[in-house]
Amino acid sequence: MRASNLLRRVLTAAILFELVCFCGCNKAKISAVQNKNDVIYTWDLDEKPFSKDIFSPQIESLPPENAAVWGGTVSHHLLANEQIDRWFYEISKRRKVKNFFIICPSHYGLSTQTWSLANCKWKTKRGLVETNLSIERKMAEKLGVSFEPQVFPIEHGVNVLIPYISRYFPDVKICAVAVHGEPPLNQFEAQKLADVISPYFSDSGKKENFLLISTDFAHHGNFEETLLKDTRSRQFFNEPSAASWIFCGCDNRPGIYVLSRFLTKDTKNAVLYHTNSFELSGQDGNDITSYFFSLFYD
């Protein structure tokens, strides 16, 4: 077997294993992510990833019905399938979206550049979800990078979310960026990404585009450690500003930083859900990942 084919199979097996075993729960039945001629085949929403014994928290808060939501944070762990679905539903109730700008962590060490950009299509049961190549090429040029096709076929920070996007926004296009998300943050690089995206999030741009920050919080702690980290992260959601982003403890610090650059004095936030892997599954109490499902609006 050629080395490249072997590597592809190993990496595909790794992402399938992670999708199935998020947070110690092994009840998901998810199709393997594959790549053929720049088309990525995602899992299917009709395949319920977890059984009904998963705990379902109540909605914490919602933006007003007429709120012009333009950004937010959402988990990329399928253990939180119901919460992810509700998050996209609440966006769709309030607006149409022309382009989802997705910033996600780059998992698996496949990125060879500071920013990995997509030039692919995602195949779902409801049809293709395509990259906005015009915007993505402009972004790549301004960032001084080339497309990295090896990253996105197995990048669950994007692929997990595509079927929900296809369900609620069938005509939308994607501008995906994978970044090195763990601390420490390189503020110069994060600011450069914000500068490149900022033209699409002017007052008028916010009416067309949505900034989706694919991120999970407070990894690998017990209950007390997770509570401490999340209490700190909550400060950003309670008082969102260009300064309070620093409180967020998550796997996508550059994404949070970019989001914070587009906040105004009038920006408000609603946290739909704040939950964690132990609360949802009852498993792995010493290895908890937490989730903030939030929506920002002016």
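Look above for the structure.
Residues numbered from 1 in each chain as written. Predicted model: local features only at pLDDT ≥ 70, side-chain atom pairs only at ≥ 80, totals over all residues. Heavy atoms only, no water.

**Notes on the overall build of the protein chain**
If you tally the helices and strands in the protein chain, you get ten helices and twelve strands. Within the protein chain, the proportion of its 298 residues that are buried is 56%. In the protein chain, 79% of the contacts between residues at least 6 apart in sequence involve partners at least 24 apart. In the structure as shown, the protein chain presents an accessible area of about 13,200 Å², 52% of it carried by carbon and sulfur atoms. (Helix = DSSP H or I, 4+ residues; strand = E, 2+ residues; numbered from the N terminus. Buried < 20%, exposed > 50% of the residue type's maximum accessible area, 1.4 Å probe, protein only. Contact = heavy atoms within 4.5 Å. Areas by Shrake-Rupley, 256 points an atom, 1.4 Å probe, with all protein chains shown as cover.)

**Here we look at the packing of helix α6 (residues 187-197) against helix α9 (residues 253-261)**
Packed helix pairs are characterised by how far apart their axes lie and by the angle those axes make with each other. Orientation of α6 relative to α9, taken along the N-to-C sense of each, is 50°, at an axis distance of 9 Å. Relative to α9, α6 is oriented oblique. Crossing of α6 against α9: the hand is right-handed. Side by side, α6 and α9 meet where Q187, A190, Q191, L193, A194 and I197 of the first sit next to P254, Y257, V258 and R261 of the second. Across the contact of α6 with α9, the residue classes break down as seven nonpolar, two polar and one charged. (Axes fitted to C-alpha atoms, helices over the stretch in contact; angles between N-to-C directions. Parallel < 35°, antiparallel > 145°, perpendicular 65-115°, else oblique. Left-handed = near helix turned anticlockwise from the far one by under 90°. Nonpolar A, V, L, I, M, F, W, Y, C, P; charged D, E, K, R; others polar.)

**Some remarks on the packing of aromatic side chains**
Following the criterion strictly, the structure yields 22 aromatic pairs and no others. Arranged with centres 6.5 Å apart and planes meeting at 55°, the rings of W70 and F201 form a pair that is tilted. You can see W70 sitting in strand β3 (residues 69-74) and its partner F201 sitting in the loop between α6 and α7 (205-208), a full 131 residues away along the chain. According to the relative accessible area criterion, W70 is buried, its value standing at 1%. (Phe/Tyr/Trp six-rings, centres within 6.5 Å; stacked < 30°, edge-to-face > 60°.)

**Concerning the side chain of S116**
Structurally, S116 is set in strand β5 (residues 115-117). Beyond its immediate stretch of four places on either side in the chain, S116 contacts S111, E148, V151, F152, A176, V177 and A178.

**Some thoughts on the pattern of salt bridges**
Inspection of the entire model under this criterion finds nine salt bridges. Among the ionic pairs, K93 bridges to E65, the shortest N-O distance being 3.6 Å. Of this pair, K93 sits in helix α2 (residues 81-94) while E65 sits in the loop between β2 (39-41) and β3; the two residues are 28 residues apart in sequence, bridging distant segments of the chain. It is possible to trace a salt-bridge network through shared partners that takes in E65, R86, E90, K93 and R94. (Salt bridge = Lys/Arg side-chain N within 4 Å of Asp/Glu carboxyl O.)

**A closer look at helix α8 (residues 223-238)**
Taking 1.5 Å per residue as the helical rise, α8 with its 16 residues ought to reach 22 Å, and the 22 Å between its terminal C-alpha atoms agrees with that figure. Listed as buried for α8 are T226, D230, S233, R234, F236 and F237. Looking at the packing, one finds that the buried side of α8 touches β3, β10 (217-221), α9, β11 (268-276) and β12 (288-297). Measuring from the side-chain oxygen of the N-cap residue of α8 to the backbone nitrogen of E224 gives 3.2 Å; that N-cap residue is N222. (Expected span 1.5 Å × (residues − 1). Polar contact = N/O pair within 3.5 Å; in protein donor to acceptor, adjacent residues only side chain to side chain.)

**Some thoughts on α2**
Given a rise of 1.5 Å per residue, 14 residues ought to cover 20 Å, and the 21 Å separating the end C-alpha atoms of α2 matches this to within 8%. Those residues of α2 not exposed but buried are N81, Q83, I84, D85, W87, F88, E90, I91 and R94.

**Brief notes about the nonpolar core**
With 47 residues, the main nonpolar core has W87, F88, F100, I165, I174 and L212 as its most contacted residues. Of all elements in the fold, only β3, α2, β4 (99-105), α5 (162-168), β8 (173-179), β9 (209-214), β11 and β12 reach the threshold of two or more residues within this core. Ignoring anything within four residues of it in the chain, the contact list for I174 reads F100, I102, W122, V129, E130, T131, N132, I162 and I165. Of all hydrophobic cores here, the second largest spans 38 residues; its members include I103, F237, V258 and F292. (Core = buried A, V, L, I, M, F, W, Y, C linked by side-chain atoms within 4.5 Å.)

Keep in mind these values describe shape, not function.
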